[in-house]
Amino acid sequence: MNKKKQKIFHLITSVNLGGAENVAFTLAEHCKRNGDKSIEFFIVELYRSSTSYSNSKRVELKEKKIETLSLFKGFKHLSLIFAPITLLWFIKKEKPICIHSHTDLPDLVLANTIRLMHLFRMDIPEIIRTIHNTKLWPTYPRIAKYTESVFNNDVVVGVSKAALQAYCNIRESNNLSVSNRKMVVYNGRNLTVPSVIDISLSLSKINIAFCGRFEYQKGVDILINRMSSINRLYKNNLHFYFIGSGQFKHELDNLAKHNDNIFVHEAIPSIANKLHCFDFVIMPSRFEGLPLVSIESSFSKVPVIAAKTPGLEETLPENWPLWFDLNNEEGLLNIFEKIVNKEFDINELKQEAFDFANRLFSIDCMIEKYNKIYADLS
């Protein structure tokens, strides 16, 4: 007789290239509650994205027997209105024992769904919230209070110390109690498996990649603004590859149009396994929870040129020589000067970052800790 499967929903913004989404995919694929294979995970997206990456990722998830549910098939912002109703319907239909929410927009939709469930006197599943960022609702403080006021003593996981502190800060600033079921679980990654990238790289240049969303948080606009200074000095030495999508794509396309050492590409599936093709990865982030690209780069033995910001700074050794201050253009130019002049011991940097990541960000450790969380569910 087959044991009835217990279901867990992973609630994400959309099937897309992002740290929070990758964590949800990894947990859905690898977690088994106490080794019990009767558990079944669903990826639930607020709105249905339609890119080459998201389409191929859904196929991959289906092949792994992980179902994807879309709460809305229109515009992202409209999904915030309609998604709670659809989520309520899926909860009634599938009866999950737990909803595991990732980031602020899923938290908002879940909060509104819980309000509807209270209205209809429905039982609320267990709630797990993974906090993926160090700035929560920075421009919408009223929405922060509106969202947070619904949650009480749920399981709260910070992907870094800085992310968990951000959760505590926002609760306290809104006179809300902090959950006593909070903890830090560092995101883990598998060792990368090198594969070929479908991009023509120059063997005579230093190839530097930016991988992620072209958004304010990731600081891509900072890099855009500084590219004229960088190219004035090092255009003949450096090639930059921007891989992803987002609000600054038009500016990047325009930059690439006028600079033959700048290239823009759509998000690439399984990019972690292709990072080894580059000489460096650059991350000018303004804030992060715990960025997987940094960890994956270290596992790929690709040094990361990184802004010293909360969340990101937990992914690399404390005295990392490739740190730079976002407000100090000269500091970043100095790093490029040393790279071009081969002043760094690259092999030493690669090994130092690899050892650091391997010690703190094992995927087995992450899975073990989340398995324990799922095992403790009622």
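Treat the numbers as computed from the prediction; the structure is a model and nothing was measured.

## Considerations on the pairing of strand β1 (residues 6-12)
- Most of β1 sits inside the fold, with 6 of its 7 residues counted as buried.
- Strand direction decides the pairing type here: β1 and strand β2 (residues 39-45), joined by 7 bridges, are parallel. Bridge pairing in β2 links K7 to E40.
- Relative to strand β4 (residues 98-102), β1 runs parallel, the two being bridged by 4 bridges. In the sheet register, I8 faces β4, and the bridge partner there is C98.

## Focus on helix α9 (residues 292-299)
- For α9, the tally of buried residues reaches 8 of 8 residues, placing the bulk of the element in the interior.
- What α9 keeps buried is the set L292, V293, S294, I295, E296, S297, S298 and F299.
- Buried residues along α9 sit in contact with α1 (19-30), β8 (206-211), β11 (280-283), β12 (304-307) and α11 (346-360).

## With respect to the packing of α1 against helix α12 (residues 363-375)
- Between α1 and α12, whose axes approach to 11 Å, the crossing angle comes to 70°. Regarding the angle of α1 to α12, the classification is roughly perpendicular. In this structure, α1 uses T26, L27 and H30 to contact α12, whose residues at the interface are I363, M366, I367, Y370 and Y374.
- Looking at side-chain class alone, the contact of α1 with α12 contains 6 nonpolar, 2 polar and no charged residues.

## Some words on the nonpolar core
- By size, the foremost hydrophobic cluster in this structure holds 129 residues, and its most contacted members are F242, I305 and F336.
- If sequence neighbours within four positions are ignored, F336 has contacts with I208, I230, Y234, L238, F240, I282 and I305.

## Let's talk about the state of the cysteines
- Under the defined criterion, the tally for this structure stands at 0 disulfides.
- Unpaired in terms of disulfides, C31 finds its nearest cysteine sulfur in C98, a separation of 11 Å.
- The thiol of C277 is unpaired, and the distance to the nearest cysteine sulfur, on C211, comes to 11 Å.
- Judged by relative accessible area, which is 24%, C277 ranks as partly exposed.

## Examining the packing of aromatic side chains
- Evaluation of the coordinates by the stated rule reveals 13 aromatic pairs.
- Residues F72 and F82 carry aromatic rings whose centres are separated by 5.4 Å and whose planes lie at 5° to one another, so their mutual orientation is stacked. In this pair, F72 is assigned in the loop between β3 (67-70) and α3 (76-94) and F82 in helix α3, connecting sequence segments 10 residues apart.
- F72 sits in the buried class, given a relative accessible area of 18%.

## Brief notes about the pairing of strand β9 (residues 238-243)
- Burial of β9 is extensive: 6 of the 6 residues sit out of reach of the surface.
- Neither face of β9 is left uncovered, since the one carrying L238, F240 and F242 and the one carrying H239, Y241 and I243 both have all their residues buried.
- When β8 meets β9, the two strands line up parallel, connected through 6 bridges. Bridging across to β9, I208 finds its partner in F240.
- Read from β8 through helix α7 (residues 220-234) to β9, the crossover connection turns out right-handed.
- Bridge count between β9 and strand β10 (residues 262-265): 4 bridges; the pairing is parallel. Bridge pairing in β10 links F242 to V264.
- Assessed by its sense of winding, the connection that carries the chain from β9 through helix α8 (residues 249-258) to β10 is right-handed.

## A look at a negative patch on the surface
- Taken together, the side chains of D345, E348, E352 and D355 define an acidic patch exposed on the protein surface.
- Among the structural elements, E352 can be located in helix α11.

Cut-offs applied
- Sequence order as written defines the numbering, with residues in each chain counted from 1.
- A pLDDT threshold of at least 70 governs which residues receive local features in this predicted model, and a stricter bar of 80 or more applies before side-chain atom pairs are shown or counted, although totals over entire chains, interfaces and linings include all residues.
- No hydrogens and no water enter the side-chain calculation; it runs on all heavy atoms of the structure.
- A 1.4 Å probe rolled over the protein chains alone gives each residue an accessible area, and that area as a share of the maximum for its type sets the label: buried under 20%, exposed over 50%, partly exposed in between.
- Numbering of helices and strands runs from the N terminus; a helix is a DSSP stretch of H or I covering at least four residues, while a strand is a stretch of E covering at least two.
- Strands pair, by our definition, only if DSSP identifies at least two bridges between them.
- Contacts are assigned to residue pairs that have any heavy atoms within 4.5 Å of one another.
- Lines are fitted to the C-alpha atoms to define the axes, a helix being fitted only along its stretch in contact, and any angle between axes, read from their N-to-C directions, falls within 0 to 180 degrees.
- Comment on the angle field: the value is read as roughly parallel under 35 degrees, roughly antiparallel over 145, roughly perpendicular from 65 to 115, and oblique elsewhere.
- Any residue outside Ala, Val, Leu, Ile, Met, Phe, Trp, Tyr, Cys, Pro, Asp, Glu, Lys and Arg is labelled polar, Gly included; the first ten of those are nonpolar and the last four are charged.
- We define the nonpolar core as a collection of buried residues of types Ala, Val, Leu, Ile, Met, Phe, Trp, Tyr and Cys that are connected through side-chain atoms lying within 4.5 Å of one another.
- Here, a disulfide means two cysteine sulfur atoms that sit within 2.5 Å of each other.
- Working definition: rings of Phe, Tyr and Trp (its six-membered ring) pair if their centres are within 6.5 Å, and the pair is stacked with planes under 30 degrees apart, edge-to-face with planes over 60 apart, and tilted otherwise.
- By definition, the crossover connecting two strands over a helix is right-handed if that path, from the first strand to the second, turns clockwise as seen with the strands pointing away from the viewer.
- Every patch collects residues that have over 30% relative accessible area and no salt bridge, joining them within 9 Å if they carry like charges and within 5 Å if they are nonpolar side chains (Val, Leu, Ile, Met, Phe, Trp, Tyr).
- Using the Shrake-Rupley algorithm and a 1.4 Å probe, accessible areas are obtained, with residue cover drawn only from the displayed protein chains.
- For this document, the term salt bridge refers to a Lys or Arg side-chain nitrogen within 4 Å of an Asp or Glu carboxyl oxygen.
- Counting rule applied: Lys, Arg positive; Asp, Glu negative; His and chain ends not counted.
- In this description, the location of a charge corresponds to atom NZ of lysine, CZ of arginine, CG of aspartate or CD of glutamate.

Honestly, it's all geometry; don't read function into it.
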